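A structural walkthrough
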Amino acid sequence: WPMQHVRAGMPPFLFLIAEEEQEHPPVLRTNRAFVERARTLGNKADLIVLPHRTHMSAVRSLHVPGDEVFAIVRNFVLGKKP
């Protein structure tokens, strides 16, 4: 259970969740709890729901510079706000 490992001083986290897969499995609920706990402890953590995406459609275009998911990941790596 990842929540057991949330502590102060963690590196930044970014959770990207495909809109089509928020509830089954319940990744939105569990990732939101992780982000809230991490932030409470002073860490940087963000969660973004990707509209009109499935897991595969998000991953399939990740390498394309004009893709929204590419931009989100690039900005996270560069330390920019999502």
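Details of the structure are given in the entry above.
This text gives an overview of the structure that appears in the document. Treat the numbers as computed from the prediction; the structure is a model and nothing was measured.

Thoughts on helix H3 (residues 68–77)
Among all positions in H3, only Val69, Ile72 and Asn75 are buried. Along the axis of H3, the buried positions cluster into a sector of 130°, meaning they face one direction only. Packed against the buried residues of H3 are strand S1 (13–18), strand S2 (45–50) and helix H2 (55–60). Capping the start of H3 is the job of one residue whose side-chain oxygen sits 3.0 Å from the backbone nitrogen of Val69: Asp67. Looking one or two residues beyond H3, the residue adopting positive phi is Gly79, at roughly 80°.

Here's the deal with the nonpolar core
Grouped together as the largest cluster of nonpolar side chains are seven residues: Val6, Met10, Phe15, Phe34, Val35, Ala38 and Ala45. Top element by residues in this core is helix H1 (residues 27–40). It accounts for three residues. Excluding residues within four positions of it along the chain, Ala45 makes contact with Phe13, Val35, Ala38 and Arg39. Core analysis: the second largest hydrophobic core is formed by five residues, Ile48, Leu50, Val69 and Ile72 among them.

What counts and what doesn't
- Residues take numbers from 1 onward in each chain, read along the sequence in its written order.
- Totals for whole chains, interfaces and linings use all residues, but because this is a predicted model, local features are given only for residues with pLDDT of at least 70 and pairs of side-chain atoms are given and counted only at 80 or more.
- Heavy atoms from the whole structure form the basis of all side-chain values; hydrogens and water molecules are not counted.
- Relative accessibility decides the category of a residue: with a 1.4 Å probe and only protein chains considered, values under 20% of the type maximum give buried, values over 50% give exposed, and everything between is partly exposed.
- Only DSSP runs of H or I reaching four residues or more are called helices, and only runs of E reaching two or more are called strands; each is numbered from the N terminus.
- This arc is taken over the directions from the axis of the helix to the C-beta atoms.
- Between two residues, a contact is recorded if the distance between any of their heavy atoms is within 4.5 Å.
- Under this definition, polar contacts are N or O atom pairs within 3.5 Å; protein pairs additionally need one hydrogen-donor-capable and one acceptor-capable atom, and for neighbouring residues in sequence, both atoms have to be side-chain atoms.
- Only buried residues count toward a nonpolar core, which is a set of Ala, Val, Leu, Ile, Met, Phe, Trp, Tyr and Cys residues joined through side-chain atoms within 4.5 Å.

As far as function goes, none of this settles anything; it's purely spatial.
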